[in-house]
Amino acid sequence: MIAVNDPAGTGIQFCRAVNRHSPHTCRMVTLETRYNHCWDKDLHLPDLGPEGLDELRALLASSDVFHFHMTADEDLALGPFSPREFIKGKAVVHHHHGHPDFRGDPDKYRRKYARLGRRNLLVSTPDLLRLLPEAMWMPNLVPLDEPGYRPLDRDWQGPLRIAHSPTRKELKNTGDLLAAIGVLRSRGLDLDLELIDDAPHAECLARKQRCHVLFDHMQGYYGVSSLEGMSQGLAVIAGLSDWCREKIAEFAGTDELPWLEARDRAELVLRLRELCADRELCAQAGRRGREFMVGRWSDARLAMRLADFYQRL
């Protein structure tokens, strides 16, 4: 796997899951660190000394698949190396995660892949299939059984604690959430907001884990934050489009999806009011989310989905 930076830590999670749950060996090369989230790394160019560069060269030469994330391609400079030098005989995968350049001009990428005869295309969320219909949806995963992703015994007394971890507030309906909480507080409801901004990922997980509810966003799709929250047994609110719900149901094999619906500010106020008034309803939503992740969205299942995709290349 090759990326400029690892989008939301999803690449390293897939890399580890493939190594853990499949017969294949996966490594991940990254060039940059963005934000302050301290994602785990594998082969991170700024950290590599001479021995690390020797290892990277050997891996570029011996790999069967080059799996490019986001806008990376064979012309990306990996220190002194270029994947183009080693690409002959490799299967090539392009995996899109909603980078602004891709969302702004998906046809640029479609034309490029058509010109190069590239057909091994992946997207990380169902909404991106509208932009790259030739692709296959490869859902992101979280390691369900690692301590940070497991449910905790929560104190249900006192305020309803709501987690929200926007990388970019303007894209994650943070203003709508703040306004909804303000409306409910003005009506006498007891809510606390855990707004997690620019924190290391381990800290982010720990702060979410202590909450009751997670608000993802209302952009029509879900983020990795949704998967983390459901794995932790939180009631997760997001505004999924009908298209997104349909594709998730196809993948999961059930129409009973655990996301609590809120597509606008008024619906968000309603959802939060319901959860604050009925803590058992909130707890049940969290249990359904965890059961859904274990039964329908496990890291083992997703690792084998990617491994099967590789084997067909």
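Residues numbered from 1 in each chain as written. Predicted model: local features only at pLDDT ≥ 70, side-chain atom pairs only at ≥ 80, totals over all residues. Heavy atoms only, no water.

**A short note on the pairing of strand β8 (residues 160-164)**
Item 1. Most of β8 sits out of view: four of its five residues are buried.
Item 2. Across five bridges, β8 lies against strand β9 (residues 191-195) in parallel orientation. Residue pairing in the sheet places R161 in a bridge with D192 of β9.
Item 3. Of the crossover connections in this fold, the one passing from β8 over helix α5 (residues 174-186) to the parallel β9 is right-handed.
Item 4. The pairing of β8 with strand β10 (residues 213-215) spans two bridges and is parallel. Looking across to β10, one finds that A163 is bridged to L214. (Buried < 20%, exposed > 50% of the residue type's maximum accessible area, 1.4 Å probe, protein only. Helix = DSSP H or I, 4+ residues; strand = E, 2+ residues; numbered from the N terminus. Pairing = 2+ DSSP bridges. Right-handed = clockwise from strand over helix to strand, strands pointing away.)

**What about the sheet that holds strand β11 (residues 235-238)?**
Item 1. Strand order across the open sheet formed by five strands is β9-β8-β10-β11-β12, with parallel pairing between neighbours. Each edge of the open sheet carries a strand with a single partner, namely β9 and β12 (260-261).
Item 2. Here helix α7 (residues 224-231) sits on the sheet in contact with β10 and β11, set at roughly 160° to β11. (Contact = heavy atoms within 4.5 Å. Axes fitted to C-alpha atoms, helices over the stretch in contact; angles between N-to-C directions.)

**Overview of the nonpolar core**
Item 1. Within the largest apolar cluster, 53 residues are counted, with the highest numbers of intra-cluster contacts made by Y222, I248, W259, W297 and L306.
Item 2. Every element with two or more residues in this core is listed here: α1 (10-21), α4 (106-116), β6 (121-123), α7, β11, α8 (242-252), α10 (279-296) and α11 (299-311).
Item 3. When near neighbours in sequence (up to four residues on either side) are disregarded, W297 contacts W137, P139, N140, Y222, L227, I248, F251, W259, F292 and L302.
Item 4. L191, M218, L272 and C276 belong to the second largest nonpolar core, which has 21 residues in total. (Core = buried A, V, L, I, M, F, W, Y, C linked by side-chain atoms within 4.5 Å.)

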